[in-house]
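Okay, here's what each chain looks like letter by letter:
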Amino acid sequence: MIRHQCLPAGWSEREALRDKGQFWTPGWIAEAMVAYVAKDTDLIFDPAAGRGAFLEALLKIGRQDVLYFGTDTDKDLLTDKIYNNKCCLVEERDFIKHPPLNKFRAIVANPPYIRHHRIDNDTKLLLKRLSVRIIGHSIDGRAGYHIFFLIQALNLLEKNGRLAFIMPADTCEGTFAGKLWKWISEKFCIEAVITFESMATPFPSVDTNAIIFMIKNSRPVENILWVKSNEAHSTDLLKFVSSDFKTHMFDSLEIVSRNLGVAIATGLTRPQQAQSGFTFRLNAFATVMRGIATGSNEFFFLTARQVKELAIPAEFIKRAIGRTRDVTGDILTVADVNNLEDKDRPTYLFSINGHSELPDSVSRYLEIGQLMGLSDRPLIKQRSPWYKMETREVPPLLFAYLGRRNTRFILNEAGVVPLTGFLCVYPLCKDKAYTIKLWEALNHPDTLSNLPLVGKSYGSGAIKVEPGNLSVLPIPQHIVKQYELKRPAAGGQLSLFPD
Ligand SMILES: C[S@@+](CC[C@H](N)C(=O)[O-])C[C@H]1O[C@@H](n2cnc3c(N)ncnc32)[C@H](O)[C@@H]1O
């Protein structure tokens, strides 16, 4: 009940759309995609037709000579007046469960982006079978519906046929991506991959970084065209595709030819520079760990008022920070945390670990936790006893795990332990001056610009970076020099990089 009161306006509509994966492709994108597949064909198949964005694009680019065949599970959408057009045919059909039996020379789609946790178990089993049948093995269960749309569609592509799909970036970054791209790159010719600068995102209202794949069912080639579009609504993309990828001089496009194997290993969403070897990475100067996972912030992460009311003694609490948005600057001070406390934000972690005796007030509170069924929760039940809390040394630096802000490394002057909204960064040298130098070096725009090389992108500039990936964040050589970053050498001496 309480949660619903806090939901932002438009949330339930957006949730409904998410269940069905209904996000419409804007014209400037649909036209470029349709122009690619419409070459040498008299029929285009769109397995997830929706409101007919690709049909509209086909008409817009003047290809009335091509027949459009669309399917969708939502029959209401198929009554849209655009489908009265005589050059089209639409059918209510589930493309995953009942794909058409024939193959197609041209397939275009913006498949439903339905993430795995919204897919029921029976459907998951069906998807698993689908991938085993088509690519020879199952792919990681965290793959969303769109991944199987792509696999199914590629399987229905005629020899020399063309396919254009617009997909979320996880297609190249998810745990399943390795197997998926191995199959695609060995069987098909990936002609072009189109990515978008965050200001040019095709779906500004959705937290998804989109990427377009233009793939031909012909022998694989060694190099692909990797494109970054820097301006939304530009006609450059359409012109580039219509020139058969021959014209490269466009103000809004960066076009590079990249070795396919290296591009896939780097992650197709990531730019070329990721290929070059970096001499210095964060792990030469610091170690990284995720923040504390409580298993239930509601129970374990308390406000000062709750601590007082519950009479929990000081030795059972630690000052902590939970939400990234609770930290607004790049330094977190005691005054900032006091400020949060004044606003009744949680700032104390209820932390039992290694205590031999529990006072009555603590035992009483644990009973409440039992009544809440916490001891049966997935993460918590692996702990013994269930209320034993993870521990972390206070990290001198924090890293905001997922966010859009430029400043991501935070100097932890408040001496708090972070929950999972943050990563803990522990400089290898303990002295304060060194920590400050490292913090400045990490927040330098030249270092921050390497974050997309190691993180997962979520559209509108948001990047999520896991601990293992942050520890290999490249630090440019000139930054290492400028800030005189050092690492501990044998015998505890500091040695200057490069030495
Ligand atoms: C992202 S929308 C794209 C619609 C349109 N082609 C466009 O680009 O604007 C995806 C569409 O797929 C439909 N859809 C979802 N599951 C489907 C399935 N199993 N088979 C066919 N269509 C499906 C949704 O109803 C939705 O209209």
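Throughout what follows, the structure given in this document is the object of discussion. Since this is a predicted model, take the numbers as computed values, not measurements. (Residues numbered from 1 in each chain as written. Predicted model: local features only at pLDDT ≥ 70, side-chain atom pairs only at ≥ 80, totals over all residues.)

## Concerning the pairing of strand β19 (residues 422–427)
When you tally the buried positions in β19, you get 5 out of 6 residues, the bulk of the element. Across 5 bridges, strand β10 (residues 286–290) lies against β19 in antiparallel orientation. Among the inter-strand pairings, T287 is bridged to a residue of β19, identified as Y426. Across 4 bridges, the pairing between strand β15 (residues 397–400) and β19 is antiparallel. Note that in β19 the partner of L397 across the bridge is V425. (Buried ≥ 20, exposed ≤ 12 C-beta atoms within 10 Å, placed from the backbone. Helix = DSSP H or I, 4+ residues; strand = E, 2+ residues; numbered from the N terminus. Pairing = 2+ DSSP bridges.)

## Describing the site of the ligand
Neighbouring residues of the ligand: 24 residues in total, closest T25, A48, G50, A53 and N110. Among the secondary structure elements, those contributing two or more residues to the shell around the ligand are α4 (53–60) and β2 (67–72). Of the residues in the shell around the ligand, the class split is 11 nonpolar, 7 polar and 6 charged. (Near = placed C-beta within 6 Å. Nonpolar A, V, L, I, M, F, W, Y, C, P; charged D, E, K, R; others polar.)

## Describing helix α8 (residues 177–187)
Those residues of α8 that fall on the buried side of the exposure criterion are A177, L180, W181 and I184. Each buried residue of α8 lies within a common arc of 85° when the element is viewed along its axis, so the set occupies one face. For α8, the exposed residues lying more than 90 degrees away from the buried face are K182 and E186. Buried residues along α8 sit against α6 (145–155), α7 (170–173), β6 (189–196) and α10 (260–266). (Arc of directions from axis to C-beta. Contact = placed C-beta atoms within 7 Å.)

## Some words on the pairing of strand β7 (residues 210–216)
Within β7, 7 of the 7 residues are buried, which leaves it mostly tucked inside the rest of the structure. Burial along β7 is two-sided: A210, I212, M214 and K216 and I211, F213 and I215, pointing in opposite directions, are all buried. Strand direction decides the pairing type here: strand β5 (residues 157–168) and β7, joined by 7 bridges, are antiparallel. Bridge pairing in β7 places M167 opposite I211. Of the strand pairs in this sheet, β6 and β7 are connected by 6 bridges, and their pairing is antiparallel. Directly across from V193, in β7, lies its bridge partner F213.

## Considering the sheet that holds strand β13 (residues 331–332)
What links the strands of a sheet is backbone hydrogen bonding, and the strands pair in either a parallel or an antiparallel sense. Ordered by their spatial adjacency, 5 strands build an open sheet running β10-β19-β15-β17-β13, and the pairing between neighbours is mixed. The strands lining the two open edges of the sheet, one partner per strand, are β10 and β13.

## Things to note about the environment of R319
Its place among the elements puts R319 in strand β12 (residues 317–321). Accessibility expressed as a C-beta count within 10 Å gives 17 for R319, which makes it partly exposed. Taking C-alpha positions, R319 is 6.2 Å from L349, a pair spaced 30 residues apart along the chain. Here R319 is in contact with V337, T347, Y348, A414, G415 and V416, once residues within four sequence places are set aside.

## Some words on the packing of helix α5 (residues 121–135) against α6
Viewed as axis vectors pointing N to C, α5 and α6 meet at an angle of 35°, and their least axial separation amounts to 10 Å. Viewed along their axes, α5 and α6 form a crossing whose handedness is left-handed. Contact residues: α5 offers L127, L130, S131, I134 and I135, while α6 offers F148, I151, Q152 and N155. Partitioned by chemical class, the residues of the contact of α5 with α6 number 6 nonpolar, 3 polar and no charged. (Axes fitted to C-alpha atoms, helices over the stretch in contact; angles between N-to-C directions. Left-handed = near helix turned anticlockwise from the far one by under 90°.)

## Quick notes on unusual backbone geometry
Trans peptide bonds make up the majority, and among non-glycine residues the majority have a negative phi. With an omega dihedral of -10°, the bond running from S384 to P385 counts as a cis peptide bond. By the secondary structure assignment, P385 is in the loop between α14 (360–371) and β15. Unlike most non-glycine residues, A311 shows phi in positive territory, near 55°. The topology assignment puts A311 in the loop between α12 (304–310) and β12. What makes A311 exposed here is the crowd of 12 C-beta atoms within 10 Å.

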